[in-house]
Amino acid sequence: MKLLILRHAIAVAPGTPDIDDRDRPLTPRGRKRFRKAARGLARILPRPDALFTSPLPRALETAEIAANAWGDVTPVEDPRLAGGHAEDLLADLAAHGEDALVALVGHEPDVSHLLGRLVGGAGEGLAFKKGGAALVEIDGAAPAHGRLIWFLPPRLLRRLGGD
């Protein structure tokens, strides 16, 4: 199986008055930039078989933008992606089959820790920029182990999105 790991796009800054951290939405600039990045993702990857997202607004908005770029995929909220439990999702992913492409949208440092765990600790130094993505091939026999195919910053995804 291939696993696409995405960090949410640019959101309202933490500590913004009258906005709780858990309720921070994407900024207009974040939405605009990620729409272009999502077009880039849709050019290099087929529509995923499943798209899981943190239920926090900034991740959910990012997932909805990505889903729109691919078409015909609906983000599924999973609270494990909202706070340090992204790795708990790995066992459930095996149900999608070895030919599946599954996408996850989450937060730092969770997405970096997940990537690090999958690629044997090498991902610990790979911090995701907002709107960045990594593609990992996961061994069906050992779902906690994978091989990094690529790790792309949002700037490159936007270039791939063209226009």
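Residues numbered from 1 in each chain as written. Predicted model: local features only at pLDDT ≥ 70, side-chain atom pairs only at ≥ 80, totals over all residues. Heavy atoms only, no water.

Which parts of the structure should I look at to understand the overall build of the protein?
When helices and strands are counted, the protein shows five helices and six strands. Overall, the protein shows an N-to-C arrangement of helices and strands of β-α-β-α-β-α-β-α-β-β-α. In terms of overall dimensions, the protein is globule-like: its C-alpha atoms have a radius of gyration of 15 Å, near the 15 Å expected for 163 residues. Projecting the C-alpha coordinates of the protein onto the three principal axes gives extents of approximately 45 × 35 × 30 Å. Sequence-distant contacts, at least 24 apart, represent 69% of the contacts inside the protein between residues at least 6 apart. Carbon and sulfur atoms make up 50% of the accessible area of the protein, which amounts to about 7,900 Å² in all. If the 22 positive side-chain charges of the protein are averaged to one point and the 21 negative ones to another, these points end up 12 Å apart. (Helix = DSSP H or I, 4+ residues; strand = E, 2+ residues; numbered from the N terminus. Rg over C-alpha atoms; globule rule 2.2 N^0.38 Å. Contact = heavy atoms within 4.5 Å. Areas by Shrake-Rupley, 256 points an atom, 1.4 Å probe, with all protein chains shown as cover. Lys, Arg positive; Asp, Glu negative; His and termini not counted. Charge placed at Lys NZ, Arg CZ, Asp CG, Glu CD.)

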